[in-house]
Amino acid sequence: MAYISILLGNGTLLFLIKDDHNLHEPMYYFLGMLAATDLGVTLTTMPTVLGVLWLNHREIGHAACFSQAYFIHTLSIVESGVLLAMAYDRFIAIRNPLRYTTILTDTRVIQIGVGVFIRASLSIMPIIIRLHWFPYCRSHELSHAFCLHQDVIKLACADITFNRLYPIVAVFGMGLLDFLIICFSYILILKTAMSIASTEERTKALNTCVSHICCILVFYVTVVGLTFIHRFGKNIPHVVHITMSYICYLFPPFMNPIIFSIKTRQIQNSTLGFNMAVNVTCQHITSFFLVGVPGLETFHCWIGIPVCLLFVLTLLGNSIILVTIQLEPSLHQPMYFFLCMLAMNDMCLATSAALKMLGIFWFDAHWIDFDACLTQMYFIHTLCIMESAILVIMAFDRFVAICIPLHYASILTTSMVTKLGLAGLIRGVLMVLPCPLLIKRLPYYTKYIIHHAYCEHMAVVKLASANTLINRAYGISVAFSVITVDLGLIATSYVKILQAVFRLSSQNARSKALGTCAAHVCTMLVSYTPALFSFLTHRIGKKVPPSVHIIVASVYLLLPSAVNPVVYGVKTKKIRDRVIDLFFTHKKLSDKFVLTGFTGLEVYYIVFAIPFSTIYATVFLGNCMILHVIRTEQSLHQPMFYFLAMLALTDLCMGLSTVHTVLGILWGFVQDIGLDACIAQAYFIHALSCLESAVLLAMSFDRYIAICNPLRYSSILTNAKIVKIGVAIICRSSLLIPLGIRLKFLNYCRPHFLSHSFCLHQDLIRLACSDIRFNSFYALALVICTLLLDAMLILASYVMILYTVLAIASREERMKSLQTCVSHISAVLVFYIPIIGLTMVHRFGQHLSPLVQVLMGNIYILFPPLMNPIIYSIKTQQI
């Protein structure tokens, strides 16, 4: 953040001074020199500092180190010289204002700037040249994240007297001389200001110096502080030395643009004047209106749910990948460094797009500032190109690993990995940079509505009131060149890989080699397939509805970022094992059970994972939709729909109680579960089954009152009565508590393998070596007293309903009455049929494959929560 602020702040100052003719004065030319110097210091230290902090890249060559030290110290002296020149400028402006323009001409300003730079360059050169001649026999560890002269000479094994004395005499002498001349200048300035009769004029004159004085204090205080700590702070902790160095080289560049922006009115006016000039000269539209998904505005709230889900999965999944690779030393290899780049890029890309999309879908925040729109467009397209570049680099990594394995470590060194990453970043930055600049020149008079959910290049270009041929041609050329070049390089890599693999004699070796490419191939398919669809629909799909364009483009941005960490987590054993070690605690064997899941189908887990994830997502979305609709729609505040809300809430809890173990097995092969967690899961599964049965019974009672006694319906089923029924249903589930307590005290001496992908009571008691008669008889009694009794009462209700309906004379009225029961009857069948099937399989299917029991168990758990929202959405007109 500090580096970004420095680059933006000083870059903005340079741009304003260049663009605004009112700032073409000596004072601002010197300010431009100061900003350029600060940018130079920042760009000199930034590669090594961020390389150490982000990539743990700590090596630097001798030549690069000496060059960095030369520029750091040179630019520090340049900054001191520029501050002296600015003091001279203020002295002339206040002491001799009538001759200001004749003394400080443009030529004189250039001569001063060149003189300051030459003085610094020549003064530092002797000590840096000598560094090349020294032998370095001590430890080659530098104490900072960048090279400093005083750090390097400590490692030399030669006579370094000259290098110790010269900086003190020359460099320190120049800094002290500059400071003394600045102080003398301000004494004369103060003397002149005090001789002015008018207080207002004195204040005005001194105010022009405030910004410069603040910059002098910021620079010299940090330099003096660092010098004292280096010379006299031998007993101070080393971290203080490092922190002071960062402050010395980062604090002045960070503060200078802020100081001049706050304290200099001309800079403030220039910023405002630039925006006003744009508006006045061409009546430029300053904001755009992002529609979202045209034609689906009424569904924006629901579209926001999968967008939010994908965004959260992106942040969570990629964060886990980054943390895992950072904590596991065995993953500190080029392949995983490139994966880190991909993860960081995915997080930035999803953040750039998703936040504004969610603002549109959920908060109706459709407006976006013109510059903010261009910024979002720039980052989205840059990061997309960066993602493509990373995939190319990863293909190169696989090529080297398989085709030249003996040279892998020597080719893909840490330095090479960093260079490849920077090359991909620079390519993206430079290729996309012309796009916002070309758009900035276009006039926008009347059109301001962007039919998209985020700022996309072509969507913005189409609104311009001028010829956009250059913009269109450049956009097509960039997209075409990136796709063709990158896909061509990837294809070439994989052709070479396949040739190398098929030359291997062993089938096992061929499978192992190709297995290392599986994750990368999946990632490419996930990334390039939506990208190609989006590109084709934009270019040749003129008759395709706009909503399809938007949805495909959103999928192209969000889906790969969410899926990539899942792909690498599943396909890469090292990452999978490390994630399990990090995020899942391992207890002693006696307190741990193993969920076998889908025995015999382990190789197909990734195939099953996708439909199961879809089912769970449908369960959550469907039941949440039912609850939301009932809560927000006043006409649904009736007993029938209150009971439906109870059913939806029960189904939602049922999905939540099993999702972590089922998807944990399918996606991450996480099969361990603690005893307490297993008992808790079994309790909730069975308790929720009893709750669902009781809610279905309550709904049948509701239908009975509505049809058999309609005149008293509202007086019988009051809100208070409904609450009592709900509380009674919940209290009835407490009858299962003795079973859970009893399970805790059983002795489990048999192999701790459970036959399902979640814990069930009947599974647990089979592993116990204690007396389980209480559990068996109590469970059977509960089933009879709850599920069987509920089923009989539901049947009795419908017998009476049928008797009442058949007594109605009108056929139309009979059909209307029965229609109100269709949804409930369907829900009853959906619930009881899987229960009966599972019971039959457990009691009489000893010779059946264990896989049949597992499938029946999942149907029993997932089928009712999946189908109930669908049934009630289709069959109930009000819903």
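The structure reproduced in this document is the subject of the present report. (Residues numbered from 1 in each chain as written. Predicted model: local features only at pLDDT ≥ 70, side-chain atom pairs only at ≥ 80, totals over all residues. Heavy atoms only, no water.)

Within the structure shown, the criterion is met by three disulfides. Each disulfide pairs two cysteine sulfurs, and for Cys-65 the partner residue is Cys-147, the sulfurs being separated by 2.1 Å. Measuring the twist about the S-S bond at about -120°, one finds the Cys-65-Cys-147 disulfide to be left-handed. Residue Cys-65 is located in helix H3 (residues 62-95), and its partner Cys-147 is located in the loop between helix H5 (106-133) and helix H6 (149-153); the two are separated by 82 residues in the primary sequence. With relative accessibility at 2%, the residue Cys-147 sits in the buried group. A disulfide bridge connects Cys-373 with Cys-455, and the sulfur atoms are separated by 2.0 Å. When the S-S torsion is -120°, as for the bridge of Cys-373 with Cys-455, the disulfide is left-handed. (Disulfide = S-S within 2.5 Å. Helix = DSSP H or I, 4+ residues; strand = E, 2+ residues; numbered from the N terminus. Buried < 20%, exposed > 50% of the residue type's maximum accessible area, 1.4 Å probe, protein only.)

This paragraph deals with the sheet that holds strand E3 (residues 449-450). Spatially, E2-E1-E3 is the arrangement adopted by the three strands of the open sheet, whose pairing is mixed. Edge positions in the open sheet fall to strand E2 (367-369) and E3, since each of these has one partner strand only. With two bridges connecting them, strand E1 (residues 287-290) and E3 associate as parallel partners. Each residue of the ladder has a partner; that of Leu-290, found in E3, is Ile-450. (Pairing = 2+ DSSP bridges.)

Next up on the list: the packing of helix H12 (residues 334-363) against helix H15 (residues 414-432). Between H12 and H15, the shortest axis-to-axis distance is 10 Å and the interhelical angle comes to 25°. In terms of axis orientation, H12 runs roughly parallel to H15. Crossing of H12 over H15 shows right-handed handedness. Contact with H12, carried on its side by Pro-334, Phe-337, Phe-338 and Met-341, involves Val-417, Leu-420 and Gly-421 of H15 and no other residues of that element. Of the residues in the contact of H12 with H15, the class split is six nonpolar, one polar and no charged. (Axes fitted to C-alpha atoms, helices over the stretch in contact; angles between N-to-C directions. Parallel < 35°, antiparallel > 145°, perpendicular 65-115°, else oblique. Left-handed = near helix turned anticlockwise from the far one by under 90°. Contact = heavy atoms within 4.5 Å. Nonpolar A, V, L, I, M, F, W, Y, C, P; charged D, E, K, R; others polar.)

A surface patch of nonpolar side chains, about 810 Å² in accessible area, is lined by Ile-110, Val-114, Phe-117, Ile-118, Leu-122, Met-125, Ile-129 and Trp-133. Here Ile-118 shows up in helix H5. (Patch = residues over 30% accessible without salt bridge, like charges linked within 9 Å, V, L, I, M, F, W, Y side chains within 5 Å. Areas by Shrake-Rupley, 256 points an atom, 1.4 Å probe, with all protein chains shown as cover. Salt bridge = Lys/Arg side-chain N within 4 Å of Asp/Glu carboxyl O.)

Before going further, it helps to examine the packing of aromatic side chains. By the definition in use, this model includes 13 aromatic pairs. Consider the rings of Phe-219 and Tyr-220, whose centres lie 5.0 Å apart with planes at 85°: the pair is edge-to-face. Per residue, the accessibility class of Phe-219 equals that of Tyr-220, and both read buried. With a centroid separation of 5.3 Å and 90° between ring planes, the pair formed by Phe-593 and Tyr-748 is classed as edge-to-face. Within this pair, whereas Phe-593 is found in strand E4 (residues 592-595), its partner Tyr-748 is found in the loop between helix H28 (737-744) and strand E6 (753-754), the two being separated by 155 residues in sequence. Residue class for Tyr-748 comes out buried when judged on its relative accessible area of 9%. Grouping aromatic residues by their ring pairs yields a cluster made of Phe-179, Phe-219 and Tyr-220. (Phe/Tyr/Trp six-rings, centres within 6.5 Å; stacked < 30°, edge-to-face > 60°.)

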